[in-house]
Structures are given as C-alpha cells and as structure tokens.
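# Structural overview for review
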Amino acid sequence: MAKVAIVYFSGYGHTAVQAEAVREGAEAVADAVVSMHRIDEAGELPFGALEELGQADAVIYGSPTYMGGPAWQFKKFADASSKAWLRQGWKNKIAAGFTNSASVNGDKFATIAYFWTLSQQHGQIWIGTGVLPANTKESGPADLNWTAGFAGALAISPADASPDEAPRSGDLETAKHLGKRVAEFAARLAISHAADRTAARSDR
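Reading guide: rules and limits
In this convention, every chain numbers its residues from 1, walking through the sequence in written order. Residue-level local features of this predicted model are given only where pLDDT is at least 70; pairs of side-chain atoms are given and counted only at 80 or more, and the full residue set underlies all totals for whole chains, interfaces and linings. Here the side-chain values reflect all heavy atoms present in the structure, with hydrogen atoms and water set aside. Put simply, DSSP marks the helices as runs of H or I at least four residues long and the strands as runs of E at least two long, and each gets a number from the N terminus on. Residues are treated as being in contact if the distance between any of their heavy atoms lies within 4.5 Å. Per-residue and other accessible areas follow the Shrake-Rupley method at a 1.4 Å probe size, with only the shown protein chains counted as cover for residues. Only four residue types enter the tally: Lys and Arg on the positive side, Asp and Glu on the negative side, with His and both chain ends excluded. Where a charge lies is defined by one atom per residue type: Lys uses NZ, Arg uses CZ, Asp uses CG and Glu uses CD. Residues grouped as a nonpolar core are buried Ala, Val, Leu, Ile, Met, Phe, Trp, Tyr and Cys residues, joined through side-chain atoms within 4.5 Å. Burial status follows relative accessibility: with a 1.4 Å probe on protein chains alone, a residue under 20% of its type maximum counts as buried, one over 50% as exposed, and anything between as partly exposed. Note that the arc is computed from the directions linking the helix axis to the C-beta atoms. A pair of strands is labelled paired if DSSP reports no fewer than 2 bridges between them. N or O atoms closer than or at 3.5 Å make up a polar contact, with two conditions inside protein: a donor-capable atom paired with an acceptor-capable one, and, for residues adjacent in sequence, both atoms drawn from side chains. Ring pairs shown here join Phe, Tyr and Trp side chains whose ring centres sit within 6.5 Å, with only the six-membered ring taken for Trp; geometry is labelled stacked below 30 degrees between planes, edge-to-face above 60, and tilted in between.

### Thoughts on the overall build of the protein chain
Within the protein chain, the secondary structure is distributed over six helices and seven strands. Helices and strands appear in the protein chain in the N-to-C order β-α-β-α-β-β-α-α-β-α-β-β-α. Projected onto its principal axes, the C-alpha positions of the protein chain cover 60 × 35 × 25 Å. Summarising the internal contacts of the protein chain: among those between residues at least 6 apart in sequence, 76% fall at separations of at least 24. Carbon together with sulfur atoms contributes 55% to the accessible area of the protein chain, which is approximately 10,100 Å² in total. Looking at charge distribution, the protein chain has the averaged site of its 19 positive side-chain charges lying 8 Å from that of its 22 negative ones.

### Some points on the nonpolar core
Grouped together as the largest cluster of nonpolar side chains are 27 residues, with contacts concentrated most on Val4, Ile6, Ile60, Phe98 and Val182. Only strand S1 (2–9), helix H1 (14–27), strand S2 (32–39), strand S3 (58–66), strand S5 (94–101) and helix H6 (169–202) provide two or more residues apiece to this core. Ranked by residue count, the leading element in this core is H6, at eight residues. Once you skip the residues sitting within four places of it in the chain, Val4 turns out to touch Ala26, Val33, Val34, Ser35, Ala58, Ile60, Val182, Ala183 and Ala186. In this structure, Phe9, Ile39, Val59 and Phe115 belong to the second largest nonpolar core, which totals 22 residues.

### Things to note about helix H3 (residues 72–80)
Of the residues making up H3, those classed as buried are Gln73, Phe74, Phe77 and Ala78. Here the buried residues of H3 occupy an arc of 145° about the axis, which is enough to place them on one side. Those residues of H3 that are exposed and aimed more than 90 degrees away from the buried face are Trp72 and Asp79.

### Notes on unusual backbone geometry
The omega torsion across Ala166 and Pro167 is 5°, close enough to zero to call that bond cis. Secondary-structure assignment places Pro167 in the loop between strand S7 (153–156) and H6. Positive phi is not limited to glycine here, since Met67 has a value of about 50°. Topologically, Met67 is positioned in the loop between S3 and strand S4 (69–70).

### Quick notes on the pairing of S7
Regular strands have side chains that alternate between both faces of the sheet. Of the two faces of S7, the one holding Ala153 and Ala155 and the one holding Leu154 and Ile156 are both buried throughout. Of the pairings in the sheet, the one linking S5 to S7 comprises four bridges and is parallel in character. Paired with Ser101 across the bridge in S7 is Ile156.

### What about the side chain of Thr65?
Note that Thr65 resides in strand S3. A relative accessible area of 8% places Thr65 in the buried class. In terms of polar contacts, Thr65 uses its side chain to reach the side chain of Thr111, at 2.7 Å. If we skip the residues at most four places from it in the chain, Thr65 touches Thr99, Asn100, Ser101, Gly106, Asp107, Lys108 and Thr111.

### Some details on the packing of aromatic side chains
One pass over the full model with this rule turns up seven aromatic pairs. Taking 6.1 Å as the distance between ring centres and 35° as the angle between the ring planes, the aromatic pair formed by Tyr61 and Phe115 counts as tilted. Taken together, the residues span a long stretch of sequence, with Tyr61 in strand S3 and Phe115 in helix H5 (residues 108–121) at a distance of 54 residues. The burial state of Tyr61 is the same as that of Phe115; both residues are buried.

### Observations regarding the environment of Leu118
Of note, Leu118 is situated in helix H5. With a relative accessible area of 10%, Leu118 lands in the buried category. Put simply, Leu118 and Ala95 are 23 residues apart on the chain and 9.6 Å apart in space, counted from C-alpha to C-alpha. Not counting the four nearest positions on each side in its chain, Leu118 is found in contact with Tyr61, Phe74, Ala78 and Ser81.

So far we have only geometry, and geometry alone does not tell us how the molecule works.
This is the structure in structure tokens:
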C-alpha cells in the first residue's frame, strides 16, 4: 500500500481546487492512500501532520506563486521541516509539486524550483508531469498541460475568476495526471521496500 501525502497552502481557494485534483488523480491508483495537509493562514499544519508526512512514501508540495515564489506560509512549513532534514527522515521518498497563479507565466517555475530544492535537501526523488504540452493554435485551457509544466503541474487562475471558475479543466486534468503518476511510482517504491524487508528477514 502506497501512502501519498499532499501538503499545500491556498490563499484564495484556487490552489485548494488544484490540490483536490492532485488528490483525485492519486486516489485513482489501486492501493494508494492519500492524505491532505493544508497549511493555514499562520503557516501552521494540523496537529500530527509532520509525523504523517514522515510516514508517507510520497510527498507532493503545493502553493500559489506570489511575487515569484511560494507563499510565506509554505516557506514557514519548509523551515519547520528542518528537524526531519537533520535526521534525513524524508530521504528516498518520492516528491513532486504544483503551483497556481493569475498570470499565464507569472514566474511559476520559480516556485516549482523551490519545491525541487526543498526535496533535494531532504534527499527525495523528484517526479515531473511526464506529459507533452498542448502548444498548437487549436490548444486552449481545456487541454492537458496547456500551461506547459514539465517539472511540476502548473495552473492559471485569472485574477477575476472565482475558485469555481479556475483553474480551468486542462490544468485540473494535468494536476490529476501528476497525482496519478506520483502514486504509481510510490506504489512501486512501496513494493520494493517491502521486498527489501522480506529479504532482510530471510537473511537473519
């Protein structure tokens, strides 16, 4: 059984919708157990969330992109993960990321790069979207990977759009795709770890 944890911050609700799409994709994988951990406005996680992240096979990071990077609330969580870093408690877990902003570009990649750097601090194994972009004249917001994210799932939520209106369907499908891909790799990792434990018991 693969445990997938999604830890994210959402300021206005749009990134929360994206996070739910990631969860839906991950839950589509047989034997995947998905937990959601939303960072609050003070940058705090619910009680026990850090411990649950430590028990997960995969951790997916999410935040809106504000001023060229993740929200400060997410950064506070990242700093709080330093105790896990010190003991390398999250080492060899699968990691991935998603972000959302109002602009088409909005320097979203800088947020994904922040997540990637955090994952490498923890010794994690990064998973990208693994899907080609929709980049023809006919392409639009309803198409998979219309926002063209490779390192992570990107979404556009226009500044005057409510969370019911955006992210649009293509970006949400991309988020689902990322969640499913991460869960699939996490399942493989969990099977591998179980085999290693069985082999270790047989050698005793």
